[in-house]
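Structure assessment
Residues per chain are reported as follows:
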2 protein chains.
Amino acid sequence: MSYTAPVKDMLFNIEHLARIDQVAQLPGFEDAGLETAQAVLEECAKLNEGVVAPLNREGDLKPSFVKDGVVTTTPGFKDAYRQYAEGGWQGLQHPTDFGGQGLPKTIGSACGEMLNSANLSFALCPLLTDGAIEALLTAGSDAQKDTYLPKLISGEWTGTMNLTEPQAGSDLAAVRTRAEPQPDGTYKIFGTKIYITYGEHDMADNIVHLVLARVVGAPEGVKGISLFVVPKFLVNADGSLGARNDVHCVSIEHKLGIKASPTAVLQYGDHGGAIGTLVGQENRGLEYMFIMMNAARYAVGVQGIAISERAYQQAVQYARDRVQSRPVDGSLNTAAPIIHHPDVKRMLMTMRAATEGCRAMASVAAAAYDAAHHHPDAEVRKQNQAFYEFLVPLVKGYSTEMSLEVTSLGVQVHGGMGFIEETGAAQHYRDAKILTIYEGTTAIQANDLVGRKTARDGGTVAKAIAGQVRTTEAELARSGSDNARAVAKRLTAAREAFEQAVDFIAANTKANPNAAFAGSVPYLMLAGNLMAGWQLARALLVAEDLSAKGQDKAFMQAKITTARFYADHILSRAPGVAASIVEGAEGVTAMALEAF
Amino acid sequence: MSYTAPVKDMLFNIEHLARIDQVAQLPGFEDAGLETAQAVLEECAKLNEGVVAPLNREGDLKPSFVKDGVVTTTPGFKDAYRQYAEGGWQGLQHPTDFGGQGLPKTIGSACGEMLNSANLSFALCPLLTDGAIEALLTAGSDAQKDTYLPKLISGEWTGTMNLTEPQAGSDLAAVRTRAEPQPDGTYKIFGTKIYITYGEHDMADNIVHLVLARVVGAPEGVKGISLFVVPKFLVNADGSLGARNDVHCVSIEHKLGIKASPTAVLQYGDHGGAIGTLVGQENRGLEYMFIMMNAARYAVGVQGIAISERAYQQAVQYARDRVQSRPVDGSLNTAAPIIHHPDVKRMLMTMRAATEGCRAMASVAAAAYDAAHHHPDAEVRKQNQAFYEFLVPLVKGYSTEMSLEVTSLGVQVHGGMGFIEETGAAQHYRDAKILTIYEGTTAIQANDLVGRKTARDGGTVAKAIAGQVRTTEAELARSGSDNARAVAKRLTAAREAFEQAVDFIAANTKANPNAAFAGSVPYLMLAGNLMAGWQLARALLVAEDLSAKGQDKAFMQAKITTARFYADHILSRAPGVAASIVEGAEGVTAMALEAF
């Protein structure tokens, strides 16, 4: 099943919702206007449509495998990765100082979506490399930066994040991997890390592991965790590869999905100790790791959008081809392609609206990130940072939760064929399920949203965002079209539901934490729903305006219809969710543990 | 992962919601009171817990395979099936005239759930045999009944339903399999049938295929379809097996789930014609098939409940064992089993409430079936039949759609471990996905609900059911407890939402079919949600009463909490769904086909 990058929709968001014209006014992004975005996206589409996407099914059929500690990836992956690296795609958003292209996230995010639509398993390797780059940029020494960043940014080497251990999943306080200081200033690392994505593979010359470990004698809990860089091959002073380090892949997991992506168990120090260097200061590892995790969380949210888009395209294609039954309105006397049937349309519209809504949300978040990092005015940076940070758990949590619904509908549109593996729809359903789990489960995102993003400031940022939604409601009222009025009705109800939930969370997180956290995931879903619906409402206003000016009427009409559908079929869930949050804690907490 | 049959919950439903005391007053069911139910369920639990359940993971790892037309099932299946047959379980609900036990569906349904919880793939074989038995009981000749029924009911032979062809899935009008009348009164059958569950296997001596085909010269469309019985081995006059018939398995599918269940492509007549006999009259095949499909649809709904129960039990077990992070309320200074965390509780409660709600709905539907078939008063039979028929698409559609949510949460509770196949949680997620597709997709169930069950009588039956819900609301008001009041609030809102939807469907199905069918699946979900929530509300009233009398207080309190949770977290979705149905058609139908 082929993939066509939704370049037009991406550029619509970039131009009209993320406002690339404003991004291009930021220092350093002067050349990153709409034309650049278009050129980059079109080039990116070519690589992903032509080279990466065709390997997706192949990866499911011929997953990575390990033999004697050596991982062999799916046939074709190595060559595709070479093309990806040579095209400079790994460095897209990274600093020009180290060989990157220094483009804004507003553009880079769309490219990330394409890569993940093309091949979720493949895309994980660059995604983790991005995380390693972020960590080193933030806290690495000059020597570490010089040693690793050029090679990581060029894609010659790849990166990993080593957090999880058998006893330490969501709870990183339980990390036990040990780091012993050596006289030469290095550390010897000992321990077992699990679920290490691309922890071992054959696509690059070296693998740069970023590893959480405890220096001997460090405090218990999260305050005693440090971050280390541990390369697969040690790097000589001249930059050439030295000895094989003592980190070895002992197995890779047999998983429900993303089978081509090798998920490694890595053993550190079984032969004397893996040599690593400390990143930043001792015991601040979690702080640095959170920087790369925040980047990775956003990226995983984009994965949710990406797999949704791929599943949608495949379902549309099938619905156009598969002929079955007459239309219910009697408009045809013979059996019709199933895309004529209202329920099939409803499923496709649900898939489309969820995907476009989440894409719009992610695009706006990316622009906020760019402003937060590049705007000359500190106050503007701060506001954008707060907005971005509020959105990260929503981009991650909501987009991925919705991808479960979307990929399930993708199978459903195919009927019996969807359940047959060779159709390919089932792969998306299987692949998507990891997205609500890794880089922090939906519950972990929701804890972040409740604790750090809502309760900490008493709901101030959340309420300010609600105020912006209100502005859009007023604009919809001014438009006055049937569609705008219908959308405004749902948007108002959802925004009011959100405000009600924010009040509840702000009032209860300290006083009654069990009640607040009983509604944490519903609160995340409500907030994400509102953010996506809001952006589609903004999109509707733009589309009405441009359509009236005669610009690309078919596209604009489709955008209007999608926004309308989202409002009536997805945003309409919001008030019910608020009820669960505000009045539902009793039902969650009352059950005696032994009664489960 | 082991399975423990929820006998107590089943008996609670059977006694208090399905009212087995009333069932036992029906002619023929005099011995089928609560004591019988308990004895049967306990015996059934033993077989399923001890013999069938342990083969579930085995079936996923070692699926059925075909070689030279011969299907070999998972090691252990053949022996387990022998025990199932020898225990008389195949005949549980079938007439004593042919060797069955003649028990009511009220009891049989619970046994069916256990078998499916134990092993969905295994259970499909008896499920299909039940369908074949129903068809022959309804329309078979005396000779056909004598030839086939004793062997099917004893489990010596198994049955199949042959509907689907490559071009004829949901649309049976497109069936092309050909039946040529022979001078001796038999027919020769030619054609290809796909997706034939247990179409070939090694667990029984003979396989009795019920096959839809067109007699040469029959009318086009659904009015020209006849039903045939085509055994794998012809049966001699003395009942012994004769020649191998010309029906052969050419392949079995590689599927997302239920891998142990062989899904066969059957080729009829490649070597001169498969010999079959007509069931009932020519061209009435679809009518007979619908009888067995209705039984099968109910049974598939029970499969949804069954897989939900299994996923729930596994998730609870993991949540008790897995230690990770401190409780948010500071009640423990060390990391706790994750069942202490509010969001894990919320997930488990969602799984539990959905499962218990659907089980209660199915139990009540079963009692209505028994009354519809056995009550001496024709008017009572008719009312019960109408109620049962309204519930069948809900039991099928709602229970299976909810099983997708439940099994997804089952993986989620496990975190990263859930994505690893050896954990077993992912298997339930994969297995469940077929349930919303086969025996009529959710959309097909919704068409049935909209067209035949709601619009046809102008919503009369639906409104009468809403009236019964109102009675429960009044009873909740009389109880006056906090829980009863909370549940009443949601029940009233959901019932009003349902009535609104019924009015819309009744008004629009003819006048504006695209609008009505655009909301068909949401209408099904709303109706199913209301029915399940209503039954849990009734359960709450019973539990409050019995708890006050000191009867099994822990169980009763858990039931009350579950009902409360269902109301606040699941039933609370209903008003939003009504909005989608009543006001959402524009968003579904407005998109131009070429714009998808």
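Residues numbered from 1 in each chain as written. Chains lettered and ligands numbered in written order. Predicted model: local features only at pLDDT ≥ 70, side-chain atom pairs only at ≥ 80, totals over all residues. Heavy atoms only, no water.

**Quick word on the overall build of chain A**
Formally: Starting at the N terminus, helices and strands are each numbered in turn, a helix being any DSSP run of H or I of at least four residues and a strand any DSSP run of E of at least two. Here the globule rule reads 2.2 Å times residues to the power 0.38, and the radius of gyration is calculated from C-alpha atoms. When a residue's accessible area, from a 1.4 Å probe over protein chains only, is under 20% of the maximum for its type it is buried; when over 50% it is exposed; and in between it is partly exposed. To measure how exposed things are, a 1.4 Å probe is used in the Shrake-Rupley method; for residues, cover is taken only from the protein chains shown. Only four residue types enter the charge count: Lys and Arg as positive, Asp and Glu as negative, with His and the chain ends excluded. Here the site of a charge means NZ on Lys, CZ on Arg, CG on Asp, or CD on Glu.
When helices and strands are counted, chain A shows 21 helices and 12 strands. At 24 Å, chain A has a C-alpha radius of gyration in line with the 25 Å of a compact globule built from 596 residues. Projected onto its principal axes, the C-alpha positions of chain A cover 80 × 60 × 55 Å. Buried residues in chain A amount to 64% of all 596 residues. With an accessible surface of roughly 19800 Å², chain A has 50% of that area assigned to carbon and sulfur atoms. For chain A, the distance from the average site of its 53 positive side-chain charges to the average site of its 65 negative ones is 4 Å.

**A look at the UniProt feature "domain: Acyl-CoA dehydrogenase/oxidase C-terminal" (unreviewed entry) in chain A**
Operational definition: UniProt positions are given in the numbering used here, feature names are shortened, and annotations may be inferred rather than shown by experiment.
If you check UniProt for "domain: Acyl-CoA dehydrogenase/oxidase C-terminal" (unreviewed entry), the listed places come out as residues 283-449 of chain A in our numbering. Summarising residues 283-449 of chain A: 75% helix, 0% strand, and an end-to-end C-alpha distance of 25 Å.

**A word on the pairing of strand E6 (residues 206-215) of chain A**
All names here are of chain A. For the record, the criterion: For two strands to pair, DSSP has to find at least two bridges joining them.
Of all 10 residues in E6, 10 are buried; the element is thus mostly enclosed. Pairing geometry for strand E3 (residues 157-162) and E6, over 6 bridges, is parallel. Pairing of Thr160 across the sheet is with His209, part of E6. Two elements, strand E4 (residues 178-181) and E6, share 2 bridges in a ladder whose sense is parallel. Each residue of the ladder has a partner; that of Ala179, found in E6, is Val215.

**A few points about the interface of chain B and chain A**
This is how it is decided: In this description, contact between two residues means that some pair of their heavy atoms is separated by no more than 4.5 Å. Once two parts are put together, the accessible area they lose, assessed with a 1.4 Å probe and summed over both, is termed the buried area. Each salt bridge in this description consists of a side-chain nitrogen of Lys or Arg and a carboxyl oxygen of Asp or Glu lying within 4 Å of one another. Polar contacts here mean pairs of N or O atoms no more than 3.5 Å apart (in protein, one a potential hydrogen donor and the other a potential acceptor; neighbouring residues in sequence count only if both atoms are side-chain atoms). When residues are sorted by character, Ala, Val, Leu, Ile, Met, Phe, Trp, Tyr, Cys and Pro go into the nonpolar class, Asp, Glu, Lys and Arg into the charged class, and all the rest, Gly among them, into the polar class.
In this assembly, 85 residues from chain B lie in contact with 86 residues from chain A. When the two sides are added together, the surface that chain B and chain A hide from each other amounts to roughly 7400 Å², 61% of it contributed by carbon and sulfur. Per-residue buried area on chain B facing chain A is highest for Phe419, Tyr429 and Phe596 of chain B; these three make up 12% of the total on that side. Counting the contacts that link chain B with chain A gives 4 salt bridges. The residue Glu583 of chain B makes a salt bridge to Arg490 of chain A at a minimum N-O spacing of 2.4 Å. Along the contact surface separating chain B from chain A lie 40 residue pairs in polar contact (both at pLDDT 80 or more). For the side of chain B that touches chain A, a count of residues per class yields 37 nonpolar, 26 polar and 22 charged.

**A closer look at the environment of Gly410 of chain A**
Residues and elements named next belong to chain A. Examined against the element boundaries, Gly410 turns out to sit in helix H11 (residues 378-413). On a C-alpha basis, the gap between Gly410 and Ala484 in space is 29 Å, while along the polypeptide they are 74 residues apart. Residues in contact with Gly410, not counting those within four places in the same chain, are Ala315, Met351 and Ala425.

**Concerning the pattern of salt bridges**
What the rule picks out here adds up to 70 salt bridges over all chains. A salt bridge links Asp545 of chain B to Lys549 of chain B; its shortest N-O distance comes to 3.1 Å. What makes Lys549 of chain B exposed here is its relative accessible area of 60%. Via salt bridges that share partners, Asp9, Glu113, Glu309, Arg352, Glu356, Arg359 and Lys559 of chain A belong to a single interconnected network.

**Section: the side chain of His201 of chain A**
Residues and elements named next belong to chain A. Relative to the assigned elements, His201 resides in the loop between strand E5 (187-197) and E6. On the basis of relative accessible area, His201 is assigned to the buried category, the value being 2%. Of the polar contacts made by the side chain of His201, one reaches the backbone nitrogen of Met203; its length is 2.9 Å. In contact with His201, other than residues within four places in its own chain, are Val71, Thr73, Cys125, Thr158, Ile207, Lys232 and Pro262.

**What about the domain arrangement of chain A?**
Residues and elements named next belong to chain A. As a reminder, the rule being used: Source of the domain bounds: an automatic or database domain assignment.
Each assigned domain of chain A is listed with its residue range as follows: domain 1 (7-153), domain 2 (158-283) and domain 3 (442-596). Using only C-alpha atoms to locate each centre, domain 1 and domain 2 end up separated by 23 Å. Listed as interface residues are 31 residues of domain 1 and, on the opposing side, 30 residues of domain 2. Between domain 1 and domain 2 lies a buried interface of about 2600 Å² when both sides are counted; carbon and sulfur atoms form 70% of it.

**Regarding the UniProt feature "domain: Acyl-CoA oxidase/dehydrogenase middle" (unreviewed entry) in chain A**
The sites that carry the UniProt feature "domain: Acyl-CoA oxidase/dehydrogenase middle" (unreviewed entry) are, in the present numbering, residues 161-267 of chain A. Structurally, residues 161-267 of chain A comprises 0% helix and 48% strand, and the distance from its first C-alpha atom to its last is 14 Å.

**Observations concerning the packing of aromatic side chains**
Inclusion rule: In this analysis, rings of Phe, Tyr and Trp, with Trp reduced to its six-membered ring, are considered paired at centre separations within 6.5 Å, and the interplanar angle assigns stacked below 30 degrees, edge-to-face beyond 60, and tilted for intermediate values.
The tally for this structure, following the rule as stated, stands at 25 aromatic pairs over all chains. Ring geometry for Phe12 of chain B and Phe555 of chain B: centres 5.6 Å apart, planes at 55°, overall tilted. With Phe12 of chain B in helix H1 (residues 7-17) and Phe555 of chain B in helix H19 (residues 553-570), this residue pair connects regions lying 543 residues apart in the sequence. No difference in accessibility class separates Phe12 of chain B from Phe555 of chain B, as the two residues are buried. Through successive ring pairs, a cluster of aromatic residues spans Phe77, Tyr81, Tyr84 and Phe122 of chain A.

**Comments concerning the side chain of Arg346 of chain A**
Position of Arg346 of chain A relative to the elements: it lies in helix H10 (residues 342-374). Ignoring anything within four residues of it in the chain, the contact list for Arg346 of chain A reads Phe565 of chain A together with Ala518, Val521, Pro522 and Val588 of chain B.

**Side note on the relation of the copies chain B and chain A**
We count it as follows: Least-squares superposition of the copies uses the C-alpha atoms of those residues scoring a pLDDT of at least 70 in each of them.
Of the two same-sequence chains, chain B is brought onto chain A (RMSD 0.0 Å, axial shift 0.0 Å) by a rotation of 180°. The symmetry that links the two subunits is that of a two-fold axis.

**Looking at the nonpolar core**
What counts, and what does not: Definition used in this section: a nonpolar core is a set of buried Ala, Val, Leu, Ile, Met, Phe, Trp, Tyr and Cys residues joined via side-chain atoms within 4.5 Å.
In this structure, Leu348 and Tyr523 of chain A together with Leu348 and Tyr523 of chain B are the most contacted members of the largest nonpolar core, which totals 198 residues. For Tyr523 of chain B, the residues in contact, after removing those within four places along its chain, are Phe390, Leu449, Val450, Thr454, Ala462, Phe498, Ala501, Val502, Ile505 and Ile581 of chain B. Ranked by size, the runner-up nonpolar core spans 185 residues in total, among them Phe98 and Ala299 of chain A together with Phe77 and Ala139 of chain B.

**Remarks on the state of the cysteines**
Our working rule: Note on terminology: pairs of cysteine sulfur atoms within 2.5 Å are recorded as disulfides.
This model, assessed by the stated rule, comprises 0 disulfides over all chains. Of all cysteine sulfurs in the structure, the one in Cys44 of chain A sits closest to Cys111 of chain A, which takes part in no disulfide; the separation is 3.8 Å. Cys111 of chain A sits in the buried class, given a relative accessible area of 5%. Of all cysteine sulfurs in the structure, the one in Cys125 of chain B sits closest to Cys249 of chain B, which takes part in no disulfide; the separation is 14 Å.

**Let's talk about the packing of H11 of chain A against helix H18 (residues 520-548) of chain A**
Residues and elements named next belong to chain A. Which entries qualify depends on this criterion: Angular values range over 0 to 180 degrees, each being the angle between N-to-C directions of two axes fitted as lines to C-alpha atoms, with helices fitted over their stretch in contact. To sort the angles, those under 35 degrees are grouped as roughly parallel, those over 145 as roughly antiparallel, those from 65 to 115 as roughly perpendicular, and the leftovers as oblique.
Interaxial distance between H11 and H18 falls to 9 Å at its minimum, and their mutual angle equals 100°. Between H11 and H18, the angle falls in the class roughly perpendicular. For the pair H11 and H18, the contacting residues are Phe387, Phe390, Leu391, Pro393, Leu394, Gly397, Tyr398, Glu401 and Met402 in the first and Tyr523, Leu524, Met525, Ala527, Gly528, Asn529, Met531, Ala532 and Trp534 in the second. Its residues assigned to classes, the contact of H11 with H18 comprises 14 nonpolar, 3 polar and 1 charged.

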